[in-house]
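Residue-level listing of the chains:
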Amino acid sequence: MKFIDDYRDPKLGQRLIDRIQHLSTTPVRFMEFCGGHTVAIFRHGIRQLLPRTIEMLSGPGCPVCVTANQDLDKAIALARQPGVIIASFGDMLRVPGSHSSLQQAKAEGGDVRVVYSTQDALAIARENPDKALVFIGIGFETTAPTIAASIIQAEAEGINNYYVLSFHKLCPPVMKAILDLGEVSLSGIICPGHVSAIIGSHPYDFIPQDYGIACAVAGFEPLDILLSIDMLINQIETEQYRVEIAYRRGVRPEGNHQALKLMDSVFETGDANWRGIGIVPASGLKLSQKYQRFDAESNFAIDPGPAREPAGCICGSILRGISTPADCRLFKNSCTPEDPVGPCMVSSEGACATYYHYGDTGGG
Amino acid sequence: MADRVLLAHGSGGKLSHDLVAKSLVAVLGNTILDRLDDSAVLEASGRLAFTTDSYTVSPIFFPGGDIGKLSVCGTVNDLAMSGAAPLYLSLSLIIEEGLPLAELETIVASIHQAASEAGVQIVTGDTKVVNQGSADKLFINTSGIGIIPEGLDIAGANARPGDKVIISGTIGDHGIAIMSQREGIEFKVPIVSDCAPLNKLVAEIVSPNVHCLRDPTRGGLAATLNELAGQSRVGIRIDEVSLPVEEAVRAACELLGFDPLYIANEGKLVAMVAPDEAEGILTKMRQNKYGTGAAAIGEVVSDHPGRVIMKTRLGSSRIVDMPVGELLPRIC
């Protein structure tokens, strides 16, 4: 159990900081893709410890944040259908859609339940055989295998009232989309930790190869993150770009074979709608032909109408890395964690919520 | 007698009478309660402290306690945090029909045990039974009265720059114990709630040198420190390295994406004390079984009034903000 302290060791941390300061000569800009990394960086005050040559940007790696309003509206519309129980991760309830939220639909009588895992959702389906249980499937490659497992389990048990509204998204394609947009010039990317535990490090190989950008997969402890920054600086200073792993205890280059197999057996890739970025080809996971009967979109008539974005909210630009929460005129004014306008203020991994909670002393 | 609580147990008739007599008064009785008059008549003189709290914890049984123990300790601790010696409690039960009587009896037994340990008497009470679905098994309200010894002035507005900030032990145990029970997450090392009456610990340390006391329950240490910084219009600086957190709690927090600073405690107190007295108070606290893990975690400053700033393990600093909304495990 001592492992957490080991990865927070102040002496080792200082040595890494010294080494980074010593190595870093040219100004660089890094994106931490994952919202969990943004939280860890602020929580441990890492930005303040880095030399001025290093600029850190938050990326789009927050599952709640990147769910487009159009998709969110579908979930809300489903919540209003009689005989439907919606099961969702808690953060999603508070995210404002185009005209309402799941929380609002719940208050108006919709049966919306917060679950912590697909096992909870399956249990609700079993207990309510006369109703349809729709699980709002958000998240990246980290959560997709457990959703896949739940579908296989539902099939094996003959649970016929379990459906998934799949908004699952894939990380490498959206990284490519952000790089191709060319709006933000990056010297390096801290690749997501938990996602990489599933997919491995190879799916990022195109980033150093095609874009000449340094890559390191990081865990969520301060030493993990400092080590990944050290790796990025080293790659840049020696001009040898590759994907390194600063999270060996969790990530293997080839990923988790079992989880990948599970995902492959249930899902196929499809286009996905990312908030702020739009439709990115082959960046989402849809249920494959064989599992269509579990697919909420094919089995329910859902017409939420046209989507709209909240006026003044810049969550989209923040997710693309071209703005920071401080650039938003709603930030801390009309948009707060108590009364959020955009999803980045709702999710505990959202950039706005992180900037709000950890404040300017974390900003560095 | 039926083996479950029925609606009829709350009707005011014979079943109600039996329930009160056999399950409650027989266990909790004392010379005041036993009279069963419409109100308890109490003897007291001096400055009184008076508080009330409702308990709706789910599950009602958890590692380290149950809703009964919690409902006594919580109110006893609220009284103790103003320096009062708790004397009398009221006990109101709202029972969902169908609650197994055996469970009710276990809870009443632990109310008795906690009250005995704290040295308080249950002097008045009420029992209601509601339809299934109108409550979640059992809700309890307790109110309490205590007497504040002469010469004490303990309040949330009394922290002064220079004061040392002390916590009586590890943080986050209760919240993680409840969460692991609720979500069916099991850890190799069982995490046990710290639920405990703190009035004796308080009695051993109170003096004019103790300026603030508060128990960091919902919202955890972060919420308590922010409240005290706001009420006293001072800044608080704490040091991450000095925060006592059980390894298992720390590991559970990492797994679920929580920060122990925001997790509830039910048997801990925060004290703001005059700097010269801090060592002596720590020594006294550590001699009490509920203060063995007491630690000085920071100090009160005149800078950044209303804000709590923490020096991280790596030597940087960050704001410790008020918690917002419900704690939810990470998705990714």
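In the block above lies the structure referred to throughout.
Quick caveat, the model's predicted, so the values are computed rather than measured.

Undergrad: Could you clarify how one ought to interpret the pattern of salt bridges in this entry?
TA: Charged atoms that come close allow side chains of opposite charge to pair. Enumeration over the complete set of coordinates arrives at 26 salt bridges over all chains. The partner of Glu 117 of chain B in a salt bridge is Lys 289 of chain B, with the nearest N and O atoms 3.9 Å apart. Of the two residues, Glu 117 of chain B sits in helix α3 (residues 101-118) while Lys 289 of chain B sits in the loop between α8 (278-287) and β11 (295-301), which places them 172 residues apart along the sequence. Linking Glu 227 of chain B and Arg 214 of chain B is a salt bridge whose minimum nitrogen-to-oxygen distance equals 2.9 Å. Of this pair, Glu 227 of chain B sits in helix α6 (residues 220-232) while Arg 214 of chain B is found in strand β8 (residues 210-214), placing the two residues 13 residues apart along the sequence. With a relative accessible area of 31%, Glu 227 of chain B lands in the partly exposed category. When salt bridges with common partners are traced through the structure, they connect Arg 8, Arg 43 and Glu 221 of chain A together with Glu 254, Asp 259 and Arg 318 of chain B into a single cluster.

Undergrad: Just checking my understanding: could you explain the environment of Arg 214 of chain B for this structure?
TA: Residues and elements named next belong to chain B. Counting along the chain gives 159 residues from Arg 214 to Tyr 55, while the straight-line C-alpha distance between them is 18 Å. Each residue touching Arg 214, except ones within four places of it in the same chain, is listed here: Met 81, Gly 156, Thr 224, Glu 227, Leu 228, Gln 231, Lys 268, Leu 269 and Val 270. Side chain to side chain, Arg 214 and Glu 227 meet in a polar contact 2.9 Å long.

Undergrad: Help me out: how do you make sense of unusual backbone geometry in this one?
TA: Keep in mind that most residues, glycine aside, have a negative phi and that most peptide bonds are trans. For the bond running from Ser 58 of chain B to Pro 59 of chain B, omega is 0°, close enough to zero to count as cis. Assignment of secondary structure puts Pro 59 of chain B in the loop between β1 (47-55) and β2 (61-62). Located in the positive-phi region is Ala 282 of chain A, a residue other than glycine, with phi close to 50°. Along the polypeptide, Ala 282 of chain A turns up in strand β11 (residues 278-287). Of note, Leu 36 of chain B is a non-glycine position whose phi angle comes to about 55°, a positive value. Note that Leu 36 of chain B resides in the loop between α1 (14-28) and β1.

Undergrad: Hey, could you run me through the packing of aromatic side chains in this one?
TA: Each aromatic ring pair is summarised here by two numbers: the centre-to-centre distance and the angle between the ring planes. Residues and elements named next belong to chain A. The final tally for this structure, using the stated rule, is nine aromatic pairs over all chains. Relative to Phe 135, the ring of Phe 89 has its centre 5.5 Å away and its plane inclined at 90°; by these criteria the two rings are edge-to-face. Taken together, the residues span a long stretch of sequence, with Phe 89 in the loop between β3 (84-88) and α7 (90-94) and Phe 135 in strand β5 (residues 132-137) at a distance of 46 residues. Residue class for Phe 89 comes out buried when judged on its relative accessible area of 9%. Judged by its relative accessible area of 0%, Phe 135 falls in the buried class. Consider the rings of Tyr 291 and Phe 294, whose centres lie 6.4 Å apart with planes at 40°: the pair is tilted.

Undergrad: For this particular structure, what's the right way to read empty space enclosed by the protein?
TA: Rolled over the atoms, a probe sized like a water molecule indicates the empty space that remains. Under the criterion given, the structure shown has six cavities of 30 Å³ or more. Put simply, the largest cavity is a space of about 130 Å³. Every residue lining the largest cavity is listed: Arg 8 and Arg 43 of chain A together with Ile 171, Glu 240, Leu 243, Val 245, Arg 250, Asp 259, Pro 260, Leu 261, Met 310 and Arg 313 of chain B. Looking at side-chain class alone, the lining of the largest cavity contains six nonpolar, no polar and six charged residues. Forming the walls of the second largest cavity are Cys 313, Ile 314, Cys 315, Ile 318, Cys 328, Leu 330, Phe 331, Cys 335, Gly 342 and Cys 352 of chain A. For the lining of the second largest cavity, the residue count by class is nine nonpolar, one polar and no charged.

Undergrad: So what exactly am I meant to see when it comes to the pairing of β11 of chain B here?
TA: Every other side chain in a regular strand lies on the same face of the sheet, so the side chains alternate between the two faces. Residues and elements named next belong to chain B. The element β11 is extensively covered by neighbouring structure, given that five of its seven residues are classed as buried. Bridging between strand β7 (residues 164-167) and β11 involves four bridges; their strand directions are antiparallel. The residue of β11 that forms the bridge with Ile 166 is Ala 296. Note that strand β9 (residues 235-239) and β11 share four bridges and pair antiparallel.

Conventions used here
Residues numbered from 1 in each chain as written. Chains lettered and ligands numbered in written order. Predicted model: local features only at pLDDT ≥ 70, side-chain atom pairs only at ≥ 80, totals over all residues. Heavy atoms only, no water. Salt bridge = Lys/Arg side-chain N within 4 Å of Asp/Glu carboxyl O. Helix = DSSP H or I, 4+ residues; strand = E, 2+ residues; numbered from the N terminus. Buried < 20%, exposed > 50% of the residue type's maximum accessible area, 1.4 Å probe, protein only. Contact = heavy atoms within 4.5 Å. Polar contact = N/O pair within 3.5 Å; in protein donor to acceptor, adjacent residues only side chain to side chain. Phe/Tyr/Trp six-rings, centres within 6.5 Å; stacked < 30°, edge-to-face > 60°. 1 Å grid on protein atoms, 1.4 Å probe; cavity = no way out; pocket = protein on both sides within 12 Å on 5 of 7 lines; lining within 4 Å. Points joined across faces, edges and corners; volume = space filled by probe spheres on them. Nonpolar A, V, L, I, M, F, W, Y, C, P; charged D, E, K, R; others polar. Pairing = 2+ DSSP bridges.

That is the geometry; function is a separate question.
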